[in-house]
Amino acid sequence: MNEIELTMTGAAETTVQEVSSPAMLRRVAMASCVGTTVEWYDFFVYATAAALVFNKLFFPQFDPLVGSLVALGTYAAGFIARPVGGLVFGYVGDRLGRKKALVTTLLIVGIATFVIGLMPTYAAIGLAAPIILICIRMLHGFGIGGEQGNAILIVCEHAPAEKRGFYGSLVQIGAPAGFIIPLGLFALLTATMTDDVFLDWGWRLPFLVSILLIGIGLYIRVNLSESPLFASAHQHKGPRPSMVAMLTKHTRGILLGWGAKLCESSIFSIYAVMISAYAVNRGIPKSLMTTAILIAIVIEVVTLPLFGALSDRIGRRTVYMLGSVMTILLAFPVFGLVYYDVRGLIWLGLVGALAVGHAAMYAPQAAFFAELFPTSVRATGVAIVQQFGALIGTIFGFGAGWLLQVGNGTPWLLAGFVAFTGVVTTVSVFLMYESAPRHATASAVAFH
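Here the structure is a predicted model, which is why all the values come from computation and not from measurement.

## Details of helix H15 (residues 286-314)
- An ideal rise of 1.5 Å per residue puts 42 Å on 29 residues; H15 measures up with 40 Å between its terminal C-alpha atoms.
- Of all the bends in H15, the largest measures some 35° and sits at Val301, one to four residues before the proline Pro305.
- Positive backbone phi, approximately 110°, marks Gly315, located one or two places after H15.

So, in structure tokens, the structure goes:
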């Protein structure tokens, strides 16, 4: 692999520089960040409502605890649908273009969210209500699965090689931003409404408001230019590799990518959701945990582009392993702060775990995974790594909750699991080829 291929100074690089003016690059980055925020908002607003009201409105026939678990189970259904959406829209992105895939996924997720705001409850239509809710949740996951990879690619394929990590990390801001906004909205509504009013119609507002966000995101995306690398590859069509051929050729990258994804996706579920329930069970106020998690995630919005830019300077692997090693080192201290009720420092532990540990993995991930595959199969390849990796990590993350029971309420087995995922990810990333142009190893796939 020669230096010209690795640094994109060949024909493909010329195309990018001619088409992607600084103004267009900024527009593409903003559109992807806003659009991804909107779609993750739609994805997470459901999770917030599932925890607050869905058990009462859509699953009232169950015991309250069972109803809450069933409601959260419908949230998990979205994660199961994500790999399917990733494969479908990976195919669309590789055959018809990244832009077409992004516009379609935005419409799917946005319309599904708006419909939830209009839905009749169990009291009005009986069993049909939870069934429709589950179907809509599957559409959420289907759309998000197709969104993430194509949003990453349309930015990375516009960006200059030496800044690909930074611009790719801007897309990743959508997940924490999309997590924060619905939490804030529901907190405002529950603080200003009585319980009866909130259960009657107040809970619908965050779903209905999404139509405005979708309109903004759609307007921005429709006016984007297509990825110049895709346009060049599409213009000079060659034989398309089959899925089997693609999987066979890139088996190593896919398997190591799943290993790299394991820790990042597991710890977000554990630190952003599970640790709060554990802390409340230990007698720590829920408001304190919600505030601590919000502080950590807000700071992560800032640290993501910093780590993305750092990956351009010192390499994707170095930054990624910084995050996974930080996760290993913080696993026991963070859970120890909760177990021993050190309330004044819990937020600091979560800042280290999420705004440093998680962000250092999540930020370079966009460019790192995109650089695993050539243009002709990049959307499909990234979808396979991202979405199947996320499914594995999320199942492991939520499934690890039973370790609290096995440990008789102590968190040490769960902390050990977190550290174990960090070890798996560290080893996987160490075995991957460095792909940042300044440091790329000879076996890295050329980004063309």
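## Points about the pattern of salt bridges
- For the coordinates displayed, the defined rule picks out 9 salt bridges.
- A salt bridge links Glu157 to Arg98; the shortest N-O distance between them is 2.8 Å. With Glu157 in the loop between helix H7 (128-156) and helix H8 (164-172) and Arg98 in helix H5 (residues 98-118), this residue pair connects regions lying 59 residues apart in the sequence.
- Between Arg164 and Glu371 there is a salt bridge, with its nearest N and O atoms 2.7 Å apart. Highlighted residues: Arg164 in helix H8 and Glu371 in the loop between helix H17 (346-370) and helix H18 (378-399), separated in sequence by 207 residues.

## Details of the packing of helix H16 (residues 316-339) against H17
- Running from amino to carboxyl end, H16 crosses H17 at an angle of 155°, the nearest separation of the two axes being 8 Å. Judged by the inter-axis angle, H16 sits roughly antiparallel to H17. For H16 against H17, the interelement crossing comes out left-handed.
- Residue composition of the contact of H16 with H17, grouped by class: 17 nonpolar, 7 polar and 2 charged.

## So, the packing of aromatic side chains
- Under the defined criterion, the tally for this structure stands at 17 aromatic pairs.
- Three or more aromatic residues joined by ring pairs form one cluster here, namely Trp40, Phe44, Phe179 and Phe268.
- Geometry around Tyr433 places Arg252 over its ring, the cationic atom sitting 4.3 Å from the centre.
- The ring of Phe430 has Arg317 lying over it, and the distance from NZ or CZ to the ring centre is 5.8 Å.

Rules and cut-offs
Residues numbered from 1 in each chain as written. Predicted model: local features only at pLDDT ≥ 70, side-chain atom pairs only at ≥ 80, totals over all residues. Heavy atoms only, no water. Helix = DSSP H or I, 4+ residues; strand = E, 2+ residues; numbered from the N terminus. Expected span 1.5 Å × (residues − 1). Bend = angle between axes of the 7 residues up to and from the residue. Salt bridge = Lys/Arg side-chain N within 4 Å of Asp/Glu carboxyl O. Axes fitted to C-alpha atoms, helices over the stretch in contact; angles between N-to-C directions. Parallel < 35°, antiparallel > 145°, perpendicular 65-115°, else oblique. Left-handed = near helix turned anticlockwise from the far one by under 90°. Nonpolar A, V, L, I, M, F, W, Y, C, P; charged D, E, K, R; others polar. Phe/Tyr/Trp six-rings, centres within 6.5 Å; stacked < 30°, edge-to-face > 60°. Lys NZ or Arg CZ within 6 Å of the ring centre and 35° of its normal.

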